[in-house]
Every structure is written in C-alpha cells, then in structure tokens.
Amino acid sequence: MPHWLDSLAQFITARRGLVLSVVVACVAFAGVGITRLQADFTPSDLFADFEGQEELATEFKGTFGNTDNIVLVVVEADNIYEPQTLGYLHSLSLALRDAGMASRVESVTLMPAPRRAQGAEPGEAGELTVTDSIHELYEALIGPLSEPAAAAERLRERRDGDSGTAAIVVDPIITSTEVSAEEAAQLEEMLNNAPLVRGRLIAEDAGAAAIAVFLPEHVTQNSDIEDAVVAIEEVVARISAPDGVTANLGGLPYVRKVVVSAMKSDQSVLLPMSLLVCLIVLLASFRWFPALVLPSIVVIASVVLLVGGMGWAGESFNIINNIVPTLVIVIGISDSIHLISRYREEIGAGLDRAKASTVALKTMAIACFLTSFTTAVGFASLAVSRTEILARFGITAAIGVLLAYLATVLLLPTLLTFVAPPKGVVAGNAHETLDDAIEWATRLTLRLRWLILGAATVFAFTAIYIGMTKIHVDSRVLDQVNPNSEVFRTTKLIEAKLGGMRPLDVYFRAEAGRLDDVDILNGVEELQRVISEEEGVLSTLAWTDYLVEARAVMTGLTSTRAEPFEDSAQAAAIIELLYSREPSPMRPFLLPDASRGRATFMVEDMGARATMQLIAKVEVEAERIFGDAEGVEVLLTGDAYVGSRGLDVVIRDLLVSLALAFVIIFGFLTVLLRSPRLGLLSIPPNVLPLLGTLAWMALRGVPLNTATVIIFSISIGLAVDGTIHVLARFREEMTEHGDVDRALVRAARGTGKAILLTCVALILGFSVMLTSQFVPIRRFGELIAVTVFGMLISTIFVLPALLRVGYRNQSGVTAAQSAQTGE
C-alpha cells in the first residue's frame with residue numbers, strides 16, 4: 001500500500017470537518033451555475049464536419065438564407081377551397097403576419113394574383129379571367145415576350161416610374177376573412193394552374209394547406225426560437241377553427257422546440273427515477289439505512305458539481321449529453337457499493353467506524369479509481385470524433401465520472417465516521433447466502449472450465465456472424481421522436497402532401513451571367529427530370545422552374561412547360577421581371593447576377609443508406625450533365641446530404657474511438673498488473689459482452705448509427721470494471737496463498753457480491769431510460785443494460801475459467817499444468 005495513500009486516507013477521516021466544508025463550498029458554488037444552464041437542440045450538431053461541408057453550408061445559407069428557420073402551420077380539412085375554410089386559413093395567415101415574430105408569411109390566400117383592375121377597359125370584348133389571359137396582362141406590363149430586349153427595356157421604364165398600366169393589379173384574390181364562393185372558385189382556378197404552389201403550399205387533393213412562417217435571420221438561439229414557436233402556438237389557439245378543420249405545427253424550429261421541452265421533461269423524470277432505483281438496490285443489499293442515505297448525498301453532490309460546472313462553462317444540454325446526469329448517478333453509485341462493502345467487512349473484523357472508514361478508503365481507492373478511469377477513458381475516446389456534439393459529450397461524461405469518483409472518496413468515508421456502524425456484522429460471520437452462491441458458482445466454473453470456454457467461443461463466433469450479416473447502418477430524422485407523437489404524424493403529412501421538409505440541395509457556382517445560359521438551364525431541367533424519378537424524391541424546385549412557369553403564363557401556352565430553353569436573352573428578361581417585385585420569388589434560388597443557383601430535391605426521411613444511394617445518383621448525373629460546362633461548379637449540401645454522408649464519417653470516427661479506448665484500457669491494465677499475460681487474459685471477458693450487444697441489436701433490428709455506436713466505446717470502459725476488481729483481488733490472494741484455485745475462489749467471494757450488486761444497480765438504473773420520450777435514449781438504456789448483463793455473466797464465469805487455464809505462477813507454470821503435475 002503506497003505510503004501517500006495511507007496518509008491521505010487518514011487525513012480525510014481525521015480532518016472530516018475541513019473536508020466537508022470544502023466539498024460543501026464547491027457544491028454550493030456549482031449549484032449557482034445550474035441557473036445559467038441552457039438547453040439546445042441543433043440537428044446539424046449531430047453531423048460530422050467533413051470535406052469542408054461546414055464552410056460550404058455557411059456560404060450556402062449566406063447566399064440563399066436560412067431555409068431551416070421556417071415554421072409550418074398545417075391546416076387540414078376535407079376541402080381547403082370551402083369558403084369557410086379559406087376564411088379560417090386567411091385569418092390565421094393575417095394574424096401570424098401581424099404578430100411580429102416573422103420576417104414574412106406565405107400562404108395561398110396571401111399570394112399575389114395578376115389581373116385587370118375592376119372597371120378598367122379590357123382592350124377588347126369580354127372579361128379577362130385570371131388564368132386564360134394572364135399572358136396579356138404581362139404583355140401590358142413589359143411588352144411581347146417574343147421581343148426580350150424590348151420587354152426588358154419596358155420593365156426598366158416601369159421600374160423608373162413610367163408604368164402606364166394602372167389597369168393592372170397584382171393583389172391577392174382573398175382580401176377578407178369573409179370569403180365568397182366566387183373568390184374561392186377564382187383562387188382554386190388560379191392554383192390549379194400553378195404547379196409551383198400545388199404540392200407545397202396546398203396539397204394536390206386540397207386536403208391540407210401550409211402557412212409558411214419565416215422566422216427572422218437573427219432568431220437562431222433556442223430560447224428565441226422557443227419564444228417564436230410559443231407565439232405561433234398562441235395565435236393558432238386563439239383563432240377558432242371551423243368544424244372538421246384542424247391546425248398543427250411542423251417544420252424544424254417546431255421540432256427543435258418540442259425536443260428541448262422533452263429534454264427538460266426527461267430530466268425531471270430520469271434523474272429521480274434512476275436515483276430511486278439505485279437506492280432501492282442499496283437498501284435491499286445492505287439492509288442498513290445509512291447505506292441508502294449516504295450514497296444519495298454523494299451522487300447528488302456529483303450531479304450538482306457536473307451540471308453546475310456545465311452552467312459556468314457555458315455547456316448547454318443537448319439531445320446527447322442530456323443523459324450525462326443519469327449516467328453519473330448510475331455509474332457513480334458503484335464506487336459507493338464497493339466502499340460500503342469493504343467498510344462492513346472491516347467493521348466485521350472488529351474495527352471502529354473511524355478506522356474502518358480509513359481502511360476501506362485506502363484499500364479501495366486505487367481499485368475504484370481504476371474503474372472510474374477506464375470508464376472515463378471509454379467516454380473520453382469519443383473526443384476523436386469530428387462531430388462536435390459527440391466529442392463534447394465524451395469529455396463532459398468523462399469529467400462527470402471522475403467528479404463522481406472524487407465526491408465518493410472525499411464524502412463517503414467522511415460521512416461514515418458520523419453514523420453508527422451496521423449491527424450484526426461480526427468477525428467470523430463470513431457465510432452469507434449470496435457469497436455462498438458466488439463461491440459455489442466459481443468452484444463449478446473451475447471444474448467445467450473447458451466446457452465454459454468452448455461455449456464462450458461458440459457464442460463469440462455466432463454473435464459475430466449475426467452482427468456481420470444482419471446489422472445495418474442507418475439513421476432517420478424521425479428516429480428522435482415517438483412514432484405516436486403529433487410531431488411524427490404532422491411530419492409524415494408534410495412528406496405525403498406538402499412536398500417534404502428534408503432538402504438535398506445542389507449548389508451551382510459560376511461566373512456572373514453564366515447560370516442564365518440556355519445550356520445550363522436545360523441541364524438543370526434534365527437533372528430534375530432524372531432525379532425526380534428516383535424513389536424517395538418527393539418534390540424538386542430550382543430557378544429554372546420559375547422561368548418555365550413565367551414563360552408559360554406570359555405566353556399563355558402551357559405546352560411551353562415541356563419545351564427546352566432556346567433564348568438566353570428571353571431567360572434574362574424573365575429573371576429581370578421576377579426580380580422587379582420584392583421579395584422576389586427567385587431570390588431563394590438564383591442571385592440577380594446569375595452567379596449562384598440552387599436546385600432543391602425534397603426527399604423522404606428514408607434513412608441514410610437509401611439517401612446515400614440517391615446522393616450517388618445525383619453526383620453521377622451532375623457529372624454527366626455539367627462535367628464539360630466551363631466555369632460551373634456543382635456541389636451538394638443540405639440536411640439530407642450532410643446527415644447521410646456525415647453518418648459514415650461518424651461511424652468511422654467512433655470505430656476509431658473504440659479501438660483507441662481498447663488499446664488504452666488494456667494497455668493500462670497490462671502495465672498496472674505488471675503482466676502482459678494477465679492483460680491478454682482480461683480481453684476476452686470484456687469483448688464478449690460487446691459481441692453479445694451487437695448480436696442483440698441485429699436481432700432486435702436496431703440500426704448502427706450515431707446514437708447507438710457510442711454505446712460500444714462507453715461499454716468497453718464499463719465492462720472492464722468487474723475485471724479490475726477480480727484481478728486486483730486475485731493478485732492479492734495469489735501473493736498470500738500461491739494457489740490459483742484457492743485465490744480464484746477467495747477473489748470471487750471477496751468481490752463477487754459487490755460486482756453483482758453494481759451490475760444490478762447499473763442494469764436497473766439504465767433501464768430507467770426506457771421511460772424517456774426519445775427513441776435513441778430508450779435504445780441507449782436498453783443496450784447498455786444488455787451489455788452490463790453480459791459483463792456480469794462474463795466476469796463470473798468466463799474470467800475465472802480463463803485464469804484457471806492461462807495464468808502462470810512465478811515459476812512460469814500454468815494453473816492447469818500445476819494441477820496435472822501436482823505442483
């Protein structure tokens with residue numbers, strides 16, 4: 001036993017008042033930091049930064065705006081075109097526009113509709129309808145489209161004030177919340193001839209319509225987003241819907257608000273439940289009231305130190321590190337179990353409570369540090385990830401585990417000196433039912449060692465086969481929410497009827513004026529036609545769609561929608577026309593100088609694998625069509641691209657982190673035990689639980705993704721905890737007795753109960769996560785519990801069998817050879 005450790009243990013218990021004062025002061029300071037803690041959920045944080053994608057995404061948003069910042073109010077009805085339903089839709093649109101939380105609001109009732117002013121001279125016999133003669137209105141505005149130069153000149157004159165067209169109006173058709181049947185019919189007629197609107201702001205079957213609420217560019221913080229979403233919810237709740245009509249929110253800002261609210265709700269449930277479960281295990285195990293209270297104080301102090309530290313450091317809660325406080329409680333309780341077990345053992349040996357606390361601390365401090373260290377290494381290995389949210393989660397969790405260790409060794413031995421020791425624990429009373437059962441299991445294991453090792457080998461290969469053949473790597477956005485939630489249903493409705501909400505963006509960069517050339521325009525249309533036929537593509541929109549539709553409307557010939565572009569001057573004139581009104585419908589898709597363009601494919605939330613196949617198709621077709629185009633660069637971005645391509649990067653990073661954790665942990669064990677052989681023998685019992693979890697995932701259909709792959713890096717640190725305690729006690733017993741069988745039995749009896757109780761506490765504690773509102777957190781709890789169960793079985797049965805077969809004594813003879821030769 002190191003002299004410094006003996007001195008430290010005596011100092012902690014002897015100067016208990018000072019130690020308690022320092023700890024309480026630190027906890028109080030950290031407690032103030034909790035008030036500074038924020039909750040954040042930015043979906044892009046889940047994606048890795050790869051191939052300069054972060055810079056590209058920043059440039060893309062700076063060029064075309066933040067298209068993620070749109071809240072959709074989805075109105076459902078049997079027929080949106082019913083006058084009463086349109087009146088409700090218009091009332092909502094006006095109220096949202098006037099509420100002050102949006103930079104702009106778009107809906108079918110607010111759309112401009114070019115037409116001749118009422119009472120104006122028609123110029124020829126008969127009334128002009130909105131659709132049939134709309135091209136005449138544009139000709140009145142800018143002149144014949146067949147003469148693009150003259151049209152452009154006329155447009156400039158109009159912009160300079162020489163309009164001469166007071167008879168033309170472009171006001172919305174719906175001007176009042178009391179909608180007439182004639183206005184409803186007129187709007188329906190216009191929208192039936194507006195392919196750019198159908199399937200986006202209104203469903204093709206007229207069963208749903210969307211009001212797009214564009215949040216201001218500066219609204220990026222979750223607190224501001226939450227305020228805006230709450231204001232929208234209040235507007236929707238304030239305006240009564242007609243019978244049979246409903247309104248629900250959708251869009252990414254709304255999902256973020258729901259997720260943040262759910263994270264806060266999870267914290268209020270998971271923390272007390274995990275603590276309660278662990279305490280029940282402690283009370284049932286030790287049947288001593290201080291064993292219930294004192295660990296509670298320790299883990300609560302640990303959580304306050306961690307969460308308060310996060311607040312002071314400006315680290316927000318997010319969808320990943322949301323579970324760290326629960327992890328600290330569940331993992332931190334294990335050190336308390338080992339310390340209290342050793343304390344009871346020393347009380348049974350006749351020591352007083354102060355001396356028993358000192359001995360328990362100095363004998364368990366190193367072993368508990370090693371288990372905490374290896375667990376922290378498992379978490380900290382995530383720091384190699386290029387996904388910042390995962391790297392920060394790993395560092396935060398590692399700090400939390402070490403803080404829990406520090407709180408345990410400082411608080412628990414000190415507090416034990418204040419309470420009366422447990423009664424009925426006397427020297428020689430070593431036979432307890434649980435200890436006897438563990439000893440019997442160990443003796444049976446030693447007799448059946450070859451059978452157990454054979455079974456473990458078969459299990460390992462079977463698990464590898466199942467995992468390799470049945471596991472799949474995939475991730476969906478909706479994996480984050482409950483399939484029975486309103487968010488899930490509304491998102492599916494948006495996908496089915498309103499064009500979807502997950503973009504795959506094709507970003508065009510070129511010299512000024514290049515993107516209105518006919519070769520580029522026709523190439524974009526060809527790319528859209530080819531990709532639109534691919535499975536999972538819900539809709540597509542590019543600047544060319546506005547040019548095509550404007551040309552069809554202005555000429556009055558719908559057949560031109562299927563014709564290629566032949567005149568670059570004509571395209572330039574149309575672009576100039578579309579930029580003549582503010583805000584221009586072209587601005588989100590093409591810059592005025594035609595140097596930057598965007599084609600968006602809205603894709604189904606079909607999973608990363610299917611999306612990657614689509615991305616590969618887009619890349620191949622883009623290269624085929626634009627590969628020889630001079631001065632044009634074609635790049636991919638958008639949520640669907642970053643999320644799917646980033647998943648591959650995340651998986652690779654986390655496999656590296658697993659390998660790194662594996663090397664560090666088992667290299668550390670080898671150095672610590674001063675035996676490469678023991679280090680190697682400790683590997684199989686800790687790999688088997690991971691293989692079992694992999695097979696479990698395959699059989700349960702759980703995909704390998706960002707939320708599940710981190711389990712393996714974490715689990716390798718947890719799995720080795722039992723091995724450390726067994727090997728440390730085994731070496732101690734070998735030093736004293738020199739007989740492998742006896743040392744293994746005594747090591748199992750001395751550590752088995754604490755290991756069993758720790759595993760039970762971990763399993764039940766992580767099982768609390770099954771009550772979470774998030775599917776990834778429920779899966780995390782399930783898979784960690786499965787891993788810990790595998791660790792328990794492997795530590796009790798496989799590790800003793802391996803040591804019995806493979807351990808060499810100081811003379812270099814294995815235990816098996818010693819038994820055969822009688823050594």
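Residues numbered from 1 in each chain as written. Predicted model: local features only at pLDDT ≥ 70, side-chain atom pairs only at ≥ 80, totals over all residues. Heavy atoms only, no water.

A.B. asks: If you had to explain the sheet that holds strand S1 (residues 70-76) to someone new, which residues and values would you point to?
C.D. replies: The strand order across the open sheet formed by 4 strands is S2-S5-S1-S6, and the pairing between neighbours is antiparallel. Looking at the sheet topology across the chains shown, the edges are occupied by strand S2 (104-106) and strand S6 (246-250). Going from strand to strand, the sheet's axes swing by 20 degrees on average, the running direction of each strand aside. Across 7 bridges, the pairing between S1 and strand S5 (residues 208-214) is antiparallel. In the strand pairing of S5, Val75 is matched with Ala209. Against the sheet, helix H4 (residues 83-98) makes contact with S1, S2, S5 and S6, and its axis sits at roughly 5 degrees relative to S5, the strand it touches most. (Pairing = 2+ DSSP bridges. Helix = DSSP H or I, 4+ residues; strand = E, 2+ residues; numbered from the N terminus. Axes fitted to C-alpha atoms, helices over the stretch in contact; angles between N-to-C directions. Contact = heavy atoms within 4.5 Å.)

A.B. asks: Explain the nonpolar core residue by residue, including any values.
C.D. replies: Note that soluble globular proteins tend to have their nonpolar side chains buried in a common cluster. Within the largest apolar cluster, 207 residues are counted, with the highest numbers of intra-cluster contacts made by Val73, Leu92, Val213, Ile232, Phe393, Phe766 and Phe780. Discounting chain neighbours no more than four positions away, the residues touching Val73 are Leu92, Leu96, Ala209, Ala210, Ile211, Val213, Ile232, Val236, Ala247, Asn248 and Leu249. By size, the runner-up hydrophobic cluster in this structure holds 44 residues, among which are Phe508, Ala550, Tyr579 and Val618. (Core = buried A, V, L, I, M, F, W, Y, C linked by side-chain atoms within 4.5 Å. Buried < 20%, exposed > 50% of the residue type's maximum accessible area, 1.4 Å probe, protein only.)

A.B. asks: Quick one: what's the story with the side chain of Thr600, residue by residue and with numbers?
C.D. replies: Tracing the sequence through the fold places Thr600 in strand S9 (residues 596-603). You can call Thr600 buried: its relative accessible area is 4%. Within the structure, the side chain of Thr600 is placed 2.8 Å from the side chain of Arg598, a separation counted as a polar contact. Here Thr600 is in contact with Pro503, Leu504, Asp505, Ser539, Thr540, Leu541 and Phe589, once residues within four sequence places are set aside. (Polar contact = N/O pair within 3.5 Å; in protein donor to acceptor, adjacent residues only side chain to side chain.)

A.B. asks: Can you explain the pattern of salt bridges? Please cite residues and give values.
C.D. replies: Scanning all chains against the criterion turns up 29 salt bridges. For Arg489, the salt bridge goes to Glu76, with nearest N and O atoms at 2.8 Å. Here Glu76 lies in strand S1 and Arg489 lies in helix H16 (residues 486-497), a separation of 413 residues in the sequence. With a closest N to O distance of 3.0 Å, Glu346 and Arg342 form a salt bridge. Of this pair, Glu346 and Arg342 are both found in helix H11 (residues 324-348), 4 residues apart, which corresponds to roughly one turn of the helix. A single burial state applies to Glu346 and to Arg342, both of which are buried. A network of salt bridges, in which partner residues are shared, links Glu59, Arg509, Arg596 and Glu633. (Salt bridge = Lys/Arg side-chain N within 4 Å of Asp/Glu carboxyl O.)

Distances and angles like these do not, on their own, reveal function.
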